[in-house]
Amino acid sequence: SARDGTMPGLSFFTNAVLGQSTQQKNTDEISELFANNGAEFDHYIDRDKAVIALRTLLDNEVLEANIHLFNEILTQAHFPKEVYERVKKQMIASIQ
C-alpha cells in the first residue's frame, strides 16, 4: 500500500492473514464453513485500497450463517503465531 509509511508491506501482510483465524475458529473451520454453505470469501489489496468480499447463496439460513462468519472475520480477527509464521513463509517463498 502507498500508506504503509515506515513499514512497507504491512497492509499486504495484514490482508494476507485476514480470514485465517478468528477468536473462535481456525483456518480449516472457516474454510469448511464457507465451503459447506456455498460461499466464496475473497480479499486482496493494491496500492490504494483493500477489498474484502463475500459471495454467497441467497437462501435465508445460508445467507445468515455466511454473513455471521464474515462479520466474525472482520470484527474478531485473530493472528496466532502459527498463522503469522505460515503466511510469512509463504510470502518469502513467493518472492524467492
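Look above for the structure.
Residues numbered from 1 in each chain as written. Predicted model: local features only at pLDDT ≥ 70, side-chain atom pairs only at ≥ 80, totals over all residues. Heavy atoms only, no water.

## Notes on the packing of aromatic side chains
Basically, it comes down to this: We call Phe, Tyr and Trp rings a pair once their centres come within 6.5 Å, taking the six-membered ring for Trp, and we label the pair stacked below 30 degrees between planes, edge-to-face above 60, and tilted otherwise. Secondary structure elements follow DSSP: runs of H or I of four or more residues count as helices, runs of E of two or more count as strands, with numbering from the N terminus. Note on classification: 1.4 Å probe, protein chains only; a residue is buried when its accessible area is under 20% of the maximum for its type, exposed when over 50%, partly exposed between these limits.
Under the counting rule described, the total for this entry stands at 3 aromatic pairs. Ring geometry for F13 versus Y84: centroids 5.2 Å apart, planes at 70°, classification edge-to-face. In this pair, F13 is assigned in helix α1 (residues 10-17) and Y84 in helix α4 (residues 81-95), connecting sequence segments 71 residues apart. Under the relative-accessibility criterion, Y84 is labelled partly exposed at 37%. Members of the aromatic cluster, joined through ring pairs, are F34, F41 and F70.

## Considering helix α3 (residues 60-75)
Heads up, the rule is: Working rule for helices: expected span equals 1.5 Å times residues minus one. When we speak of the arc, we mean the arc of directions from the helix axis to the C-beta atoms. In what follows, residue pairs with any heavy atoms lying within 4.5 Å of each other are defined as contacts.
For α3, spanning 16 residues, the distance from its first C-alpha to its last is 22 Å, which sits close to the expected 22 Å at 1.5 Å a residue. Among all positions in α3, only V62, N66, L69, F70, E72 and I73 are buried. Down the axis, α3 shows its buried residues gathered within 155° of arc, on one side only. Along α3, the residues that are exposed and aim more than 90 degrees away from the buried face are N60, E61, E64, H68 and T75. For α3, the secondary structure elements touched by its buried residues are α2 (27-36), β1 (40-45) and β2 (50-55).

## Describing the pairing of β2
Inclusion rule: For two strands to be treated as a pair, DSSP must find at least two bridges joining them.
With 6 bridges joining them, β1 and β2 adopt antiparallel strand pairing. Across the sheet, Y44 pairs through a bridge with V51, a residue of β2. In this antiparallel pair of consecutive strands, β1 and β2, the connection spans 4 residues.

## Quick look at the side chain of N66
Convention followed: Between N or O atoms, a polar contact is any pair within 3.5 Å; within protein, one atom must be a potential hydrogen donor and the other a potential acceptor, and residues adjacent in sequence are included only when both atoms are from side chains.
Within the secondary structure layout, N66 lies in helix α3. Residue N66 is classed as buried on the basis of its relative accessible area of 1%. Reaching out from N66, the side chain makes a polar contact with the side chain of T56 at a distance of 2.5 Å. Those residues in contact with N66 that lie beyond four places of it in its chain are L33, F34, N37, A39, L54 and T56.

## Considering the nonpolar core
Operational definition: For the purposes of this section, nonpolar cores are sets of buried Ala, Val, Leu, Ile, Met, Phe, Trp, Tyr and Cys residues that join through side-chain atoms within 4.5 Å.
Grouped together as the largest cluster of nonpolar side chains are 6 residues: L18, I30, F34, A39, L69 and I73. Listing elements by their share of this core, those giving two or more residues are α2 and α3. Sequence-distant contacts of L69, that is, excluding residues within four places in its chain, are made with K25, I30, L33 and F34. In terms of nonpolar packing, the next biggest core, distinct from the first, is built from 5 residues, F13, V17, V83 and M91 among them.

## Brief notes about the pattern of salt bridges
The criterion, for reference: Only one rule defines a salt bridge in this text: a Lys or Arg side-chain nitrogen within 4 Å of an Asp or Glu carboxyl oxygen.
Enumeration over the complete set of coordinates arrives at 3 salt bridges. The partner of E85 in a salt bridge is K81, with the nearest N and O atoms 3.8 Å apart. Of this pair, E85 and K81 are both found in helix α4, 4 residues apart, which corresponds to roughly one turn of the helix. Look at E85 and you get partly exposed, because its relative accessible area is 26%.

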